[in-house]
Amino acid sequence: MKILVTGANGFLGRNLVWNLRNAGYTDIYEYTRESSDEDLDKYTADCDFVFHLAGVNRPKDPAEFMTGNAGLTKRILDLLEKHENLVPVLLSSSTQAGLNNDYGASKRAAEEEVFVYGKEYDVPVYVYRFPNLFGKWSKPNYNTVVATFCHNIARDLPIQINDPRTILHLAYVDDVVDQFLRILKTGIKLPAGEFVTFPPRLVYDVKLGDIAKWIREFKESRENLQVPDMQDPFRKKLYSTYLSFLPTDAFSYPLNMHVDNRGSFTEFVKSPERGQVSVNISHPGITKGQHWHNSKNEKFLVVKGHGLIQFRKIGTDEIIDYHVSGDKLEVIDIPTGYTHNIINEGDDDMVTIMWANEVFDPDHPDTFAEPV
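Residues numbered from 1 in each chain as written. Predicted model: local features only at pLDDT ≥ 70, side-chain atom pairs only at ≥ 80, totals over all residues. Heavy atoms only, no water.

Our focus in this paragraph is unusual backbone geometry. A positive phi angle, close to 55 degrees, is found at Asp122, a residue other than glycine. Along the chain, Asp122 turns up in the loop between helix 4 (102-121) and strand 5 (125-130). Owing to a relative accessible area of 54%, Asp122 belongs among the exposed residues under this scheme. Of note in this structure, Gln290 is not a glycine but carries a positive phi near 60 degrees. Mapped onto the elements, Gln290 comes out in strand 12 (residues 287-292). (Helix = DSSP H or I, 4+ residues; strand = E, 2+ residues; numbered from the N terminus. Buried < 20%, exposed > 50% of the residue type's maximum accessible area, 1.4 Å probe, protein only.)

Right, here's the structure in full:
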């Protein structure tokens, strides 16, 4: 299938083109601002499907709204008719098409052009009215306020919030692309003049102030190691978006290594709901632990080296041994009420990933010294 994507270098277009490639589509005609009229003529003569995503939303002259939205749409449809290449067309429109302004009028006119084309030639057409989109590869100070906030906060630049209670209606670009690919694969046909409904569950109504607060928390998470709340679908997608705006010289951040003559212990990530993960390094012959917990429980995973993990139930004499190795990964549960240790039996440093079911609280450590 040969696919024409207009606005292929734009925010939505770029995400679509790369995911079309991921899905195995190789014949993609990319129409951009740099493309010529001859390019568009060639593309419309040979394509099997049109994703019309190009448009104008921030022109210097309001008159450009109509030429850049409705005008370009009509030109594409006229070329398809000229070449008698009456293929399906998907149009990315906006919820602002329902508003009484220049931009809205131009999007409504574009929608009508597509609906007329579909009805006249009995061709499947798909018109989406999207809210504001957010996600990777969006442009700050252009596409959405989410892009601007992510870009600025990642760089310690100020942001402007006139009313934090303002509600934004947002959709995630990857969800939109998934919908497009589904349309492409299924080829469903809608009644004439009917819009494609973007799933309401994938539209997020969020306060502007909350967006700014959460993005600031993402930035702070590199210091406090708290993993963002991934149970909330919007915040999960917002965090992915924020990471795409990190400066290229700021992908890494240091951790506080607690180093002594035995090795080191370093906290990696923390979550109030899921506890914390740490990295423990033990020098050869070193024994660590020798304590027990009432309620805190842990999982140990030796990923490098050879060691021995020992247990003794409090109040008993029996010692239970588990030999572990980075050559054969296995998780050792650390039950409550058992004093335990971990001994490096190898000749090199032993590296252990440790998970605890709760974030360490120095005021209530629930850790009691007791040799195995």
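Taken as a whole, helix 2 (residues 37-46) has its buried residues at Leu40, Tyr43 and Thr44. Taken around the axis of helix 2, the buried residues stretch over an arc of 95 degrees, which confines them to a single face. Within helix 2, the exposed residues directed more than 90 degrees away from the buried face are Glu38 and Lys42. (Arc of directions from axis to C-beta.)

Right, let's get into the sheet that holds strand 15 (residues 320-325). Strand order in the open sheet made by the five strands is 15-14-17-12-19, with antiparallel pairing throughout. Every other strand in the sheet has two partners, leaving strand 15 and strand 19 (368-369) as the edge strands with one partner each. Two strands pair when backbone bridges link them, and strand 14 (residues 306-313) and strand 15 are joined in this way by six bridges, in the antiparallel orientation. Pairing of Gly307 across the sheet is with Val324, part of strand 15. (Pairing = 2+ DSSP bridges.)

One recurring pattern in soluble globular proteins is that nonpolar side chains are buried together. Membership of the largest hydrophobic core comes to 53 residues, with the highest contact counts inside it found for Val5, Leu20, Phe51, Phe180, Ile211, Ile215 and Phe234. Top element by residues in this core is helix 6 (residues 173-186). It accounts for seven residues. With 23 residues, the next largest nonpolar core counts Val50, Leu80, Phe115 and Val125 among its residues. (Core = buried A, V, L, I, M, F, W, Y, C linked by side-chain atoms within 4.5 Å.)

The next subject is the side chain of Lys237. Relative to the assigned elements, Lys237 resides in helix 8 (residues 233-243). Residues contacting Lys237, with those up to four places away along its chain left out, are Phe134, Tyr172, Asp175, Leu202 and Tyr204. (Contact = heavy atoms within 4.5 Å.)

Put simply, the second largest pocket is a space of about 620 Å³. Together, 26 residues line the second largest pocket, and Phe265, Asn280, His291, Glu298 and Met354 are the ones closest to its centre. When contributions to the lining of the second largest pocket are tallied by element, the ones reaching two or more residues are strand 9 (257-260), strand 10 (263-271), strand 11 (275-282), strand 12, strand 13 (298-304), strand 17 (338-344) and strand 18 (350-356). For the lining of the second largest pocket, the element with the highest residue contribution is strand 10, accounting for four residues. Taken together, the residues that form the lining of the second largest pocket break down as seven nonpolar, 12 polar and seven charged. (1 Å grid on protein atoms, 1.4 Å probe; cavity = no way out; pocket = protein on both sides within 12 Å on 5 of 7 lines; lining within 4 Å. Points joined across faces, edges and corners; volume = space filled by probe spheres on them. Nonpolar A, V, L, I, M, F, W, Y, C, P; charged D, E, K, R; others polar.)

In this section: the packing of helix 1 (residues 11-22) against helix 6. In contact at an axis separation of 10 Å, helix 1 and helix 6 are set at 55 degrees when each is read in the N-to-C sense. Between helix 1 and helix 6, the angle falls in the class oblique. Considering the relative orientation of helix 1 and helix 6, their crossing is right-handed. Together, Phe11, Leu12, Asn15, Leu16, Asn19 and Leu20 of helix 1 and Val173, Asp174, Val176, Val177, Phe180, Leu181 and Leu184 of helix 6 make up the contact between the two elements. Looking at the contact of helix 1 with helix 6 residue by residue, the class counts come to 10 nonpolar, two polar and one charged. (Axes fitted to C-alpha atoms, helices over the stretch in contact; angles between N-to-C directions. Parallel < 35°, antiparallel > 145°, perpendicular 65-115°, else oblique. Left-handed = near helix turned anticlockwise from the far one by under 90°.)

Enumeration over the complete set of coordinates arrives at 19 aromatic pairs. Geometrically, the ring pair formed by Phe311 and Tyr338 is edge-to-face, given 6.5 Å between the ring centres and 85 degrees between the ring planes. Taken as a pair, Phe311 in strand 14 and Tyr338 in strand 17 lie far apart in primary sequence, 27 residues in all. Here Phe311 falls in the buried class, since its relative accessible area comes to 5%. These aromatic residues form a ring-pair network of at least three members: Phe49, Phe51, Tyr126, Tyr128, Phe130, Phe180 and Phe198. If you follow Arg21 out to its NZ or CZ, it ends over the ring of Trp18, 4.5 Å from the centre. The ring of Tyr142 has Lys139 lying over it, and the distance from NZ or CZ to the ring centre is 5.6 Å. (Phe/Tyr/Trp six-rings, centres within 6.5 Å; stacked < 30°, edge-to-face > 60°. Lys NZ or Arg CZ within 6 Å of the ring centre and 35° of its normal.)

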